[in-house]
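# Observations on the three-dimensional arrangement
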Amino acid sequence: MERKLVFDIKIDMIGESIQLKSDNGGVSMIPFGGSVKGEIFSGIVEPCGVDTQVLNAVGIRHMSARYMLTGKDSAGNDTHIYVENNGWMEDAHPSMPFHTVPTFITDSPLLAPYLHRNQFEGEGHMKEDGLHIYFFEIAH
């Protein structure tokens, strides 16, 4: 299986996270913004993104990040891309990179046929300058 890098998203944490802890698990809501680079799109992560992480009673963490990208597509058109990125991991054994499944919605007529039908996977990597989320197209 081949993978092609589509986006490199640099995450910048904004403010404090909100925490809920209970005997049955917990929830963290982490606000963020950032920047995005790629061959088909470049721009920013709007500073309204949130990564909601739910830890259940048996120690499985579900991460669901939702955010909006604003920038230019490869033809120079103003473009927005909505991202929903989901992943799961055992809390006792967090892995790096962590793996996710992203879905996209865009207002770009150029990018919509590509982003709305192809399959993608994400990887989160902690680098010297912070967290990067890489989205890859999966080619079978």
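The rules behind the values
- Residues numbered from 1 in each chain as written.
- Predicted model: local features only at pLDDT ≥ 70, side-chain atom pairs only at ≥ 80, totals over all residues.
- Heavy atoms only, no water.
- Helix = DSSP H or I, 4+ residues; strand = E, 2+ residues; numbered from the N terminus.
- Rg over C-alpha atoms; globule rule 2.2 N^0.38 Å.
- Buried < 20%, exposed > 50% of the residue type's maximum accessible area, 1.4 Å probe, protein only.
- Contact = heavy atoms within 4.5 Å.
- Areas by Shrake-Rupley, 256 points an atom, 1.4 Å probe, with all protein chains shown as cover.
- Lys, Arg positive; Asp, Glu negative; His and termini not counted.
- Charge placed at Lys NZ, Arg CZ, Asp CG, Glu CD.
- Phe/Tyr/Trp six-rings, centres within 6.5 Å; stacked < 30°, edge-to-face > 60°.
- Pairing = 2+ DSSP bridges.
- 1 Å grid on protein atoms, 1.4 Å probe; cavity = no way out; pocket = protein on both sides within 12 Å on 5 of 7 lines; lining within 4 Å.
- Points joined across faces, edges and corners; volume = space filled by probe spheres on them.
- Nonpolar A, V, L, I, M, F, W, Y, C, P; charged D, E, K, R; others polar.

## Concerning the overall build of the chain
Summing up its helical and strand segments, the chain has 1 helix and 9 strands in all. In sequence order, the chain lays out its α and β elements as β-β-β-β-β-β-β-α-β-β. Against the 2.2 N^0.38 benchmark of 14 Å for 140 residues, the chain shows a C-alpha radius of gyration of 16 Å, consistent with a compact globule. Put simply, the chain has 140 residues, and 40% of those count as buried. The long-range share in the chain, meaning contacts at least 24 apart out of those at least 6 apart in sequence, stands at 49%. Here the chain displays about 8100 Å² of accessible surface, and carbon together with sulfur accounts for 56% of that area. Taking the average place of the 10 positive charges on the side chains of the chain and the average place of its 19 negative ones, the gap between the two points comes to 2 Å.

## A look at the packing of aromatic side chains
Across all of its chains, the model carries 6 aromatic pairs by this definition. Considering the side-chain rings of F104 and F135, the 5.5 Å spacing of their centres and the 85° angle between planes classify their relative orientation as edge-to-face. Remark: F135 occurs in strand 9 (residues 130-139) and F104 occurs in strand 7 (residues 98-106); sequence separation between them is 31 residues. For F135, a relative accessible area of 0% corresponds to the buried category. With a centroid separation of 5.6 Å and an interplanar angle of 85°, the aromatic rings of Y114 and F120 are classed as edge-to-face. Look at F120 and you get buried, because its relative accessible area is 6%.

## Looking at the pairing of strand 2 (residues 18-22)
Pairing between strand 2 and strand 3 (residues 25-37): 5 bridges, direction antiparallel. Bridge pairing links Q19 to S28 in strand 3. Between strand 2 and strand 3, which pair antiparallel one after the other, the connecting turn spans 2 residues.

## Overview of the layout of surface pockets
For the largest pocket, the calculated volume is near 330 Å³. Around the largest pocket sit 22 residues that line it, and D51, Q53, M63, F98 and L131 are the ones nearest its centre. If you list the elements that add at least two residues to the lining of the largest pocket, you get strand 1 (2-13), strand 3, strand 4 (41-55), strand 5 (60-73), strand 6 (78-90), strand 7 and strand 9. It is strand 5 that contributes the most residues to the lining of the largest pocket, 5 residues altogether. When grouped by side-chain class, the residues that make up the lining of the largest pocket number 13 nonpolar, 6 polar and 3 charged.

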